[in-house]
Every structure is written in C-alpha cells, then in structure tokens.
Amino acid sequence: MPGATDVQVQSPPGLPKLVISLRKSDLERWGFDPVAVLDVIRTAYRGDVVGQTYQGNQVSDVMVQVDDATRRNVAAVGDLPLRSPGGIYVRLRQIADIRLAPGRYSVSHIGARTLETVTADVAGTDFAAFVAKARKAVAANVHLPAGVYLEFTDAAAAQSRSQRDLAINALIAGVGIVLLLSIVTRNRRQLLLVLTNLPFALVGGVLAVYATGGRLSLGALVGFVALFGITLRNSILMIAHYQHLVEEEGASWGLATACCRS
C-alpha cells in the first residue's frame, strides 16, 4: 500500500528441526508398530531410564541412549537399527522419511492464542487515513482460515483513544471552571467577558496548527488546553483589575476605564 514503509513480520527466529515421517506401507511390510518405533527413537536420542544403581545411601537412575557423537550427527539418524517382531534388523531410513525443516524454538502467544505480528511505518500520509485504507484492503484481499482473526493496533488507534480521553477530561474541567467562575464573579456580565476571549484564542490556535501542516496531533490538543488555561487566567486577572478600579478607586465600568487605566 502507498505510505507503508519498513514492513516487517515479527516472527521469532527459527532453528532447523529434524522431521521423521514413518511410512505406513513399509511399517506394515516389516511388521513394525508405529508407537514402538517412536518409542525407540525417543529412547535413542532423548534417553530412557532402565534401572537404578546404588552407592551407599545414594540412588541414581540408569539411562540409556546412543553415544554423543551419533546424537550430534544428523546423517546418522537414518542408520538407527530397529528389530522387527520377526527378529529382522532394518535401518530407520528403510521405514521413514528423514529431512531437515525450518522450525521455531519459541512461538508468541497472547491470551493462550498464538500471535503473529506485522508492523509498518507510515510516511507521507495521515495515520488514520492509512489505517482506514489498510482495513479495506485487508478485508477485500485477505481470506483467513477458521479460528484466525485480525486486530489493528496502531499509533492512530492509540492517538484516537488519547484524544477522546483528553476531550472528555477537558470538557469536565471546562464545566467545573465555568461553575467556579460563576461563583467567584457573582456577575453574569463579568463571566461572559472572561469567556469571550476563548474564541479569539481558538482562532489563533487553529491558525498555528494550519501553519505547521494542518495535522491535529495529541500534542496540539494539549497545546489548546494550555492555551485556554492561559487565556482564562489573563482574562480573570484583567477583569479582577477592572473590578478593583471600579470598587476601590471609584472608576466607572466602561470602555474608558479599560482603555485608559488598565
């Protein structure tokens, strides 16, 4: 997709694994039981306890397995001798296919479910717009098997949640501030004068966002909250000063006081 850069599949690093696939036809021809053959392979390469040895009061298990040199030699796996129920010795390669295959030593999980993560950086476009296009493209072109589902977790989603939380908290704080101002001023006209400056501050903030690219980021929203707080503080100080001039110095409440004595 246009805008996607540095796309990576976050798979854990893999290690080669040895795959032994028993051939049913050969097992039946030689009379082998598949479970018995697998038990022999497990005993030969992982070891199995066959008895115990005693040395004083110490009891130690006796384990059998093939020697270390053979265990480290992948090519020697097919030479493992097996005795059939009829007493005939055959090699493991005669009844099984042995091959190396890519494997994983760890699998990512989340909530008891296996997880595969695909990440990408976004360049030259807006996060939210890119995610919306990615959702549509995946829904149209990717067909998942049963039990597999997709989940988009991105910076845009986190930013959207943060913006929503910030807006809710700012709204609650704004309502509380208006209530407190109405209690302190005890004058509807003074309260309206304090709040009148907010639209002018909003205009300046919008122009600043437009001049810096027009993207309303979380930092810009925090800046708007700070701007409104500073504007309210300055308005409160100014109205308090005018009120002091009127009540303490006998000035008239009007434009002349604001222009000449502020």
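Since this is a predicted model, take the numbers as computed values, not measurements. (Residues numbered from 1 in each chain as written. Predicted model: local features only at pLDDT ≥ 70, side-chain atom pairs only at ≥ 80, totals over all residues. Heavy atoms only, no water.)

Chemist: Talk me through the overall build of the chain; I want residue IDs and the actual numbers.
Modeler: On a plain count of helices and strands, the chain comes out with eight helices and 10 strands. Burial analysis of the chain (262 residues in total) assigns 19% to the buried set. Considering only residue pairs separated by 6 or more positions, the chain has 59% of its internal contacts joining residues 24 or more positions apart. About 18,600 Å² of surface is accessible on the chain, with carbon and sulfur atoms providing 60% of the total. (Helix = DSSP H or I, 4+ residues; strand = E, 2+ residues; numbered from the N terminus. Buried < 20%, exposed > 50% of the residue type's maximum accessible area, 1.4 Å probe, protein only. Contact = heavy atoms within 4.5 Å. Areas by Shrake-Rupley, 256 points an atom, 1.4 Å probe, with all protein chains shown as cover.)

Chemist: Describe the pattern of salt bridges, listing the residues and the values that go with them.
Modeler: The tally for this structure, following the rule as stated, stands at seven salt bridges. Between Asp26 and Arg23 there is a salt bridge whose closest N-O contact spans 2.5 Å. Taking relative accessible area as the criterion, Asp26 reaches 12% and is therefore assigned buried. With relative accessibility at 21%, the residue Arg23 sits in the partly exposed group. The structure contains a network of salt bridges with shared partners spanning Arg23, Asp26, Arg29 and Asp97. (Salt bridge = Lys/Arg side-chain N within 4 Å of Asp/Glu carboxyl O.)

Chemist: Any chance you could break down helix 6 (residues 188-211) for me, citing the residues and the numbers?
Modeler: Taking 1.5 Å of rise per residue, the 24 residues of helix 6 would be expected to cover 34 Å, and the 36 Å separating its terminal C-alpha atoms lies within 8% of that figure. Within helix 6 the residues assigned to the buried category are Gln190, Leu191, Val194, Ala201, Gly205 and Val209. (Expected span 1.5 Å × (residues − 1).)

Chemist: Any chance you could break down the environment of Val122 for me, citing the residues and the numbers?
Modeler: Secondary-structure assignment places Val122 in strand 10 (residues 118-122). A residue is classified by how much of its surface remains accessible, and Val122, at 19% relative accessible area, is buried. Linking Val122 and Thr5, residues 117 residues apart in sequence, is a C-alpha distance of 6.0 Å. Those residues in contact with Val122, other than ones at most four positions away along the chain, are Gly3, Thr5, Phe127 and Phe130.

Chemist: Break down the pairing of strand 3 (residues 48-55) for me, citing the residues and quoting the values.
Modeler: Where strand 3 meets strand 4 (residues 58-64), seven bridges bridge the pair, whose relative direction is antiparallel. The residue bridging Val49 from the neighbouring strand is Met63, located in strand 4. (Pairing = 2+ DSSP bridges.)

Chemist: Describe helix 2 (residues 34-46), listing the residues and the values that go with them.
Modeler: Compared with an ideal rise of 1.5 Å per residue, which puts 13 residues at 18 Å, helix 2 spans 18 Å between its outermost C-alpha atoms and is within 8% of the ideal. Considered for burial, the residues of helix 2 that qualify are Val37, Ile41, Thr43, Ala44 and Tyr45.

Chemist: Got a sec to walk through a nonpolar patch on the surface? Specific residues and values, please.
Modeler: A cluster of nonpolar residues, Val142, Leu144, Val148 and Leu150, forms a patch on the protein surface that exposes about 320 Å² of accessible area. With respect to the helices, strands and loops of the structure, Leu144 is situated in the loop between helix 4 (127-141) and helix 5 (155-185). (Patch = residues over 30% accessible without salt bridge, like charges linked within 9 Å, V, L, I, M, F, W, Y side chains within 5 Å.)

Chemist: Tell me about unusual backbone geometry, and please be specific about residues and values.
Modeler: Positive phi, normally seen in glycine, also occurs at Asp6, with a value near 55 degrees. Along the chain, the position of Asp6 falls in strand 1 (residues 4-9).

Chemist: Give a description of the nonpolar core that names residues and reports values.
Modeler: Residues Phe32, Val37, Tyr45, Leu80, Leu82, Leu92 and Ile95 are the most contacted members of the largest nonpolar core, which totals 14 residues. Ranked by the residues each element gives to this core, the list is headed by helix 2, at four residues. Residues within four places of Leu92 in sequence aside, it is in contact with Ile20, Val37, Ile41, Val77, Gly78, Leu80, Leu82 and Ile98. Core analysis: the second largest hydrophobic core is formed by eight residues, Leu181, Leu232, Tyr242 and Leu245 among them. (Core = buried A, V, L, I, M, F, W, Y, C linked by side-chain atoms within 4.5 Å.)

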